[in-house]
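Residues per chain are reported as follows:
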Amino acid sequence: TMKDINLPPNHIMNRKNLLVPISKTPLVVLLGVLLPQYCLAFFTSSIHACKCSSSFWFTPSETSRLKPIYNDISTTSSHIDDIDNMNIAVTRETTTIANQTFLLPTEQDLQTIQQRQVFHKLEPSQVTCVSSPCRHGFPQAFGFHPTKGPKLVSGLFRLSCPLLVQQIDEWEGQSGVREMTDWLRNDVSGDKRKGYERANEMQKQIRTELVADDYNKLVSRMGEYNADKFLESGVAGIPSSQTYNVKCIHAHVSDHLCRSSQSNNTNTSTEGNVIGEHALNILQNRRGVPTLGNDVCWQQCSLRHEQLCALIFSFGTSNNK
């Protein structure tokens, strides 16, 4: 107790002040005061070490976010070449949904998405497709089946690239949705609106085909009226008639990455998403974001690389849940 230690009134306890009376203090009192502090320090350092070494420390709702300081950290090109050769050289199969050609995910794609991008388990039946790989060979977006998961999902495509998610999070925090909506409404020729209408129509067709075998299940959970509205919705689940508002940049970018001809490397007439394409152009040309990846972002997605704690990456919630 304070009386046992015999400190003067209003005395501030610190390491320096304890040096003089410590030799006269009973052993029981010293253990009672110091032992809990040492235990707390040891426990805290252990927790920090676990966070650094474990890729599954994060809760299911968390998605990785990259801090801008990664641009200043060098990496050897041999590591990049190793990752590129490992992932990009994989032969990829395709599937056709609503007359659109999509890339099917590989086993490594599924592991990367779950363990290094979205941090929660996905059944293979939930992932309908993936975008073409980034410069390091990792998927940047994937298709989400509307009815195969534990809950219904109106958004057909999800952005998973940690670099793009973080950069779009920041942009949306700086009125990015308003900027894109103003660009959409400033449409003298009407081409942007028509492009948005086509994107919404494709979402409707793809969703309807995917859910064909589960329609009765959908009706039982939502009722026939709501089930039909669910199937008819456009990008990010908005009514397909709403072509004057950009609800979510993540949704438009992921739609474009999964559906564009440039992404799926096919000779189809797929044009992607006009809003997502414009958003990627802004990120690349005006905001200085390397949309196919930079020299170090592969460290987050690589299953063979231990995540660096507190040096490069920072994790937290995002709009991409």
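Everything quoted here is computed from the prediction, not taken from an experiment. (Residues numbered from 1 in each chain as written. Predicted model: local features only at pLDDT ≥ 70, side-chain atom pairs only at ≥ 80, totals over all residues. Heavy atoms only, no water.)

So, on to the pattern of salt bridges. If you walk through the whole model with that rule in mind, you get 6 salt bridges. Note that D214 and K148 form a salt bridge whose closest N and O atoms lie 3.4 Å from each other. Here D214 is found in the loop between α8 (191–210) and α9 (215–222), whereas its partner K148 is found in the loop between β5 (141–144) and β6 (157–159), with 66 residues between them in sequence. One salt bridge in this structure joins R286 and E179, with 2.8 Å as the shortest N-O distance. Separated by 107 residues along the polypeptide, R286 in the loop between α13 (274–285) and α14 (298–301) and E179 in helix α7 (residues 176–185) bring together distant segments of the chain. With a relative accessible area of 25%, E179 lands in the partly exposed category. (Salt bridge = Lys/Arg side-chain N within 4 Å of Asp/Glu carboxyl O. Helix = DSSP H or I, 4+ residues; strand = E, 2+ residues; numbered from the N terminus. Buried < 20%, exposed > 50% of the residue type's maximum accessible area, 1.4 Å probe, protein only.)

Below, the discussion takes up the packing of helix α11 (residues 249–259) against α13. With their axes 7 Å apart at the nearest point, α11 and α13 run at an angle of 100 degrees to one another. One element, α11, and the other, α13, form an angle in the roughly perpendicular class. Residues I249, H252, V253, H256 and L257 of α11 lie in contact with α13, whose contacting residues are I275, G276, E277, A279 and L280. Of the residues that constitute the contact of α11 with α13, the class distribution is 6 nonpolar, 3 polar and 1 charged. (Axes fitted to C-alpha atoms, helices over the stretch in contact; angles between N-to-C directions. Parallel < 35°, antiparallel > 145°, perpendicular 65-115°, else oblique. Contact = heavy atoms within 4.5 Å. Nonpolar A, V, L, I, M, F, W, Y, C, P; charged D, E, K, R; others polar.)

Let us now look at the packing of helix α6 (residues 162–173) against α13. Where α6 contacts α13, the axes come no closer than 12 Å and their chain directions differ by 90 degrees. Relative to α13, the element α6 lies roughly perpendicular. From α6, L164, Q167, I168 and W171 reach across to α13, where they touch A279, I282 and L283. Among the residues forming the contact of α6 with α13, the class breakdown is 6 nonpolar, 1 polar and no charged.

Inspection of the entire model under this criterion finds 0 disulfides. A disulfide-free cysteine, C129 has its sulfur positioned 4.3 Å from the sulfur of C258, the nearest such atom. Left unpaired, C301 is separated from the closest cysteine sulfur, that of C161, by 6.2 Å. On the basis of relative accessible area, C301 is assigned to the buried category, the value being 7%. (Disulfide = S-S within 2.5 Å.)

Attention now goes to the confidence of the model for the chain. In this model, the chain carries a mean pLDDT of 77, and residues with pLDDT of at least 70 account for 64%. Throughout residues 43–81 the model reports pLDDT below 50, and contacts reaching past four residues in sequence, or to other chains, amount to 80 contacts. Counted against residues more than four places away or in other chains, residues 263–269, with its pLDDT under 50, gives 16 contacts. (pLDDT = per-residue confidence, 0-100.)

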